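# Understanding the architecture of this molecule
What follows is each chain in one-letter form.
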Amino acid sequence: MVMIFGKPLLLLYGQLTLGLINGAFYALLSLGFAVIFGLLNVINFAHGALFMLGAFVTWGLLTYLGIGYWAALVIAPIVVGALGVALEKLLIARLHGLDHLYGLLLTFGCALVIEGLMRNQFGSSGVPYAIPHALQGPLNLGFMVLPLYRAWVVIAAAAMCLVTWLLIEKTRLGATLRAATENAPLVQAFGVNVPRLVTLTYGAGVGLAAFAGVLAAPMNSVNPNMGSNLIVVVFATVVIGGLGSILGSIITGFSLGIIEGLTKVYYPEGSATVVFVVMVIVLLIRPAGLFGKAA
Amino acid sequence: MSFGFSRAQAVALVAMVAVIIVAPALLYPVFVMKVLCFGLFASAFNLLIGYVGLLSLGHAAFFGMGSYVAAYAAKSWGLSAELAILAGGIVGAAIGLVFGWLAIRRQGIYFAMITLALAQMVFFFCLQVPFTGGEDGIQQVPRAPLLGLISMQDDMSLYWLIAGIFLAGFLAIHRIVHSPFGQVLKAIRENEPRAISLGYRVDDYKLLAFVLSAFLAGIAGAAKSQVFGIATLTDVDWTMSGEVVLMTLLGGIGTIFGPVIGALVFGGLETYLAQFGDWVTVTQGAIFILCVLAFRRGIVGEVGARLRLGL
């Protein structure tokens, strides 16, 4: 057996792919989170709960309407995005001009309500969702065998990150968005409907979270608590990456997943905390985050 | 004006002490003790958010570790009640020193996110190390005798101890807020750059406030573990950090009595809604949303503003 630093190579590969998958979720979630924060100045504590809703919508589409995974990849983000639009219009928009902390507390309340309702309905253990037929089975890469679905998650997440990045950096809409992030009143003076842009951005950001939720649905069971622990890691990702850069949160998300995977191989006890340890180290060396601008 | 209390506050204080004395005759003493522990916890949290303007989302770490340490000290070392609880407070303060040292490098929401992430680290630590008992927690913690002499087995004996700890902590916070040190804290809250330009070492003040708050949160957690005879992961979980924010917000941020009232309402809700399962969470969330949208001054702040009283 091939060994790397005293660990079997196959174990290393296995944990690295698992890390890559986790990293894909961190990246997708912190991407939406960072876009929302950039424009709305709201720490979206409900991000994890909306991710979970994405998974439940996927499950509901199949169970009640017979709509399968591929359609859910499009429908679930739209449904959850619409809910996000409603949340923004009805609740978050009212906090305009107040301290950021109120936005955080409000979305925290939303997260509690959503998670509580789902736990009442479905219990804590959750419901199963089968891997779609086309993505079942193993994928032989030559040096290792990988479940096809896992490979798909990484590719789909990376593609979605890329599309979002291109949308923000290379299109006219993205340019408007970035301009509004820098100076909203000025952009509004140029005739852009900033409140609508804000609402749609929130919808799109949580839509990204829901997309991640669809990807997550067949991984483990779909359960009401799947988002609440993830959100804390997303916070740490964002602190490490710095909120300034879109690309930064993508890179940070994937890297943290890989670091977590490596830790599982070499020091399993530390795997749950390694992200936070990295955060502490980054804070000590670069308080503004790896990709952030110094305040 | 004595001891920094306004007239209205002095009246409220007398009323509160009277309620604490009468309450165990009317209500289940263990419930009142729980409210007192949460009241102290929320007051400690309020010291930061209300008077320095720092939102910590990691206070469960101090509360929970205080709870674990006191439980362990009482059970495995056989320490007396006051020493076990003090040990909980000291450990809370020590963790607070580390947290504070790291977190005050950033402001506002970053501060909140950093404290949350650090507290999550403490949670996983507690999940893994042997001394906390992992998923089981530390169970059947004996009620340690006070000074090694006075038995605390009886609910009422323990009640007076807890009431004494609560009042001492409450008065200490009031004293801190109204000291010259507290004035500087408020100046930092109002305008940090200006406080810096006036020559105050803002970071030192913030750190000390953070450590004091963590110490009292640790004491509160330690007291709670003596009341219930158990220390579990619930106390270090981040939902506990969320709950203390809720209590303070509900009662009134930056008011001295607000967190206590918030703890009372919260404790009542939790106890009476317990039979409805997860509706507790839904109700908490709804209260959060309502407070933030319509009710930002909280109960005590709102009453004070309506009656034009300096509560």
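## With respect to the overall build of chain B
Helices and strands together make up the secondary structure of chain B, namely 13 helices and zero strands. The order of α-helices and β-strands along chain B, N terminus first, is α-α-α-α-α-α-α-α-α-α-α-α-α. The C-alpha radius of gyration of chain B comes to 19 Å, within 12% of the 19 Å expected for a compact globule of 311 residues. Each of the three principal axes of chain B carries a C-alpha extent, and together these read 50 × 40 × 40 Å.

## Looking at the overall build of chain A
Along chain A, the regular secondary structure elements total 11 helices and four strands. Against the compact-globule benchmark of 19 Å for 295 residues, chain A has a radius of gyration of 19 Å, which places it among compact chains. Along the longest, intermediate and shortest principal axes, the C-alpha atoms of chain A span 65 × 50 × 35 Å. Residues counted as buried form 47% of the 295 residues belonging to chain A. Within chain A, residue pairs in contact and separated by at least 24 positions form 76% of the contacts whose partners lie at least 6 positions apart.

## A look at the packing of helix 3 (residues 59-76) of chain B against helix 9 (residues 202-228) of chain B
Residues and elements named next belong to chain B. Close contact between helix 3 and helix 9 brings their axes to 7 Å; oriented N to C, the two are set at 45°. On the basis of the axis angle, helix 3 is oblique to helix 9. With respect to the hand of their crossing, helix 3 and helix 9 are arranged in right-handed fashion. Residues His 59, Phe 62, Phe 63, Gly 64, Met 65, Gly 66, Ser 67, Val 69, Ala 70, Ala 71 and Ala 74 of helix 3 touch helix 9, and the partners they reach there are Ala 214, Ala 217, Gly 218, Ile 219, Ala 220, Gly 221, Ala 222, Lys 224, Ser 225 and Gln 226. Residues of the contact of helix 3 with helix 9, tallied by class, amount to 12 nonpolar, eight polar and one charged.

## Comments concerning unusual backbone geometry
The phi dihedral of Asn41(A) is positive, around 55°, even though this residue is not glycine. In this structure, Asn41(A) sits in the loop between helix 1 (9-40) and helix 2 (47-65).

## Regarding the interface of chain B and chain A
Listed per partner, the contact involves 34 residues of chain B and 32 residues of chain A. Taken together, the elements giving at least two residues each to the side of chain B that touches chain A come down to helix 5 (108-128), helix 10 (238-251) and helix 12 (279-294) of chain B. When residues in the side of chain B that touches chain A are grouped by element, the largest group, 14 residues, is from helix 5 of chain B. Here the side of chain B that touches chain A is built from residues that sort into 23 nonpolar, eight polar and three charged.

## With respect to the confidence of the model for chain B
The predicted model of chain B has a mean per-residue pLDDT of 85, with 96% of residues at 70 or higher. Scoring of the predicted complex yields 0.85 for pTM and 0.81 for ipTM.

## Describing helix 12 of chain B
Its 16 residues place the ends of helix 12 of chain B 22 Å apart at the C-alpha level, agreeing with the 22 Å of an ideal helix rising 1.5 Å per residue. Restricting attention to buried positions, one finds in helix 12 of chain B the residues Thr281(B), Val282(B), Gln284(B), Gly285(B), Ile287(B), Phe288(B), Ile289(B), Cys291(B) and Val292(B). Along its buried surface, helix 12 of chain B packs onto helix 4 (100-122) of chain A together with helix 10 and helix 13 (298-307) of chain B.

## Some words on the nonpolar core
With 197 residues, the main nonpolar core has Leu28(A), Ala210(A), Phe41(B), Ala117(B) and Ile162(B) as its most contacted residues. Ala117(B) has contacts with Val232(A), Phe235(A), Ala236(A), Val239(A), Phe276(A) and Met279(A), leaving out every residue within four places of it along the chain.

## Some words on the environment of Ile138(B)
All names here are of chain B. For Ile 138, the position within the fold is in the loop between helix 5 and helix 6 (155-177). In this structure Ile 138 comes out as buried when scored by C-beta crowding, with 22 C-beta atoms within 10 Å. Sequence-wise, Ile 138 and Val 260 are 122 residues apart; in three dimensions their C-alpha atoms are separated by 27 Å. The residues touching Ile 138, leaving out its near neighbours within four places in the chain, are Tyr 68, Ala 71, Tyr 72, Lys 75, Thr 132, Gly 133, Ile 230 and Ala 231.

## Considerations on the packing of helix 10 (residues 246-266) of chain A against helix 11 (residues 274-285) of chain A
Residues and elements named next belong to chain A. For the pair helix 10 and helix 11, the least separation of the axes is 9 Å and the interaxial angle reads 120°. Of the possible angle classes, the one that applies to helix 10 and helix 11 is oblique. Relative to helix 11, the crossing made by helix 10 is right-handed. For the pair helix 10 and helix 11, the contacting residues are Leu 256, Ile 259, Glu 260 and Thr 263 in the first and Val 274, Val 275 and Val 278 in the second. Residues of the contact of helix 10 with helix 11, tallied by class, amount to five nonpolar, one polar and one charged.

## A closer look at the environment of Ala94(B)
With respect to the helices and strands, Ala94(B) occurs in helix 4 (residues 81-103). Separated by 39 residues in sequence, Ala94(B) and Gly133(B) place their C-alpha atoms 22 Å apart.

## Observations concerning the environment of Val280(A)
Structurally, Val280(A) is set in helix 11. Along the sequence, Val280(A) and Ile240(A) sit 40 residues apart, while their C-alpha atoms lie 8.6 Å from each other.

What counts as what
Residues numbered from 1 in each chain as written. Chains lettered and ligands numbered in written order. Predicted model: local features only at pLDDT ≥ 70, side-chain atom pairs only at ≥ 80, totals over all residues. Helix = DSSP H or I, 4+ residues; strand = E, 2+ residues; numbered from the N terminus. Rg over C-alpha atoms; globule rule 2.2 N^0.38 Å. Buried ≥ 20, exposed ≤ 12 C-beta atoms within 10 Å, placed from the backbone. Contact = placed C-beta atoms within 7 Å. Axes fitted to C-alpha atoms, helices over the stretch in contact; angles between N-to-C directions. Parallel < 35°, antiparallel > 145°, perpendicular 65-115°, else oblique. Left-handed = near helix turned anticlockwise from the far one by under 90°. Nonpolar A, V, L, I, M, F, W, Y, C, P; charged D, E, K, R; others polar. pLDDT = per-residue confidence, 0-100. Expected span 1.5 Å × (residues − 1). Core = buried A, V, L, I, M, F, W, Y, C linked by C-beta atoms within 7 Å.

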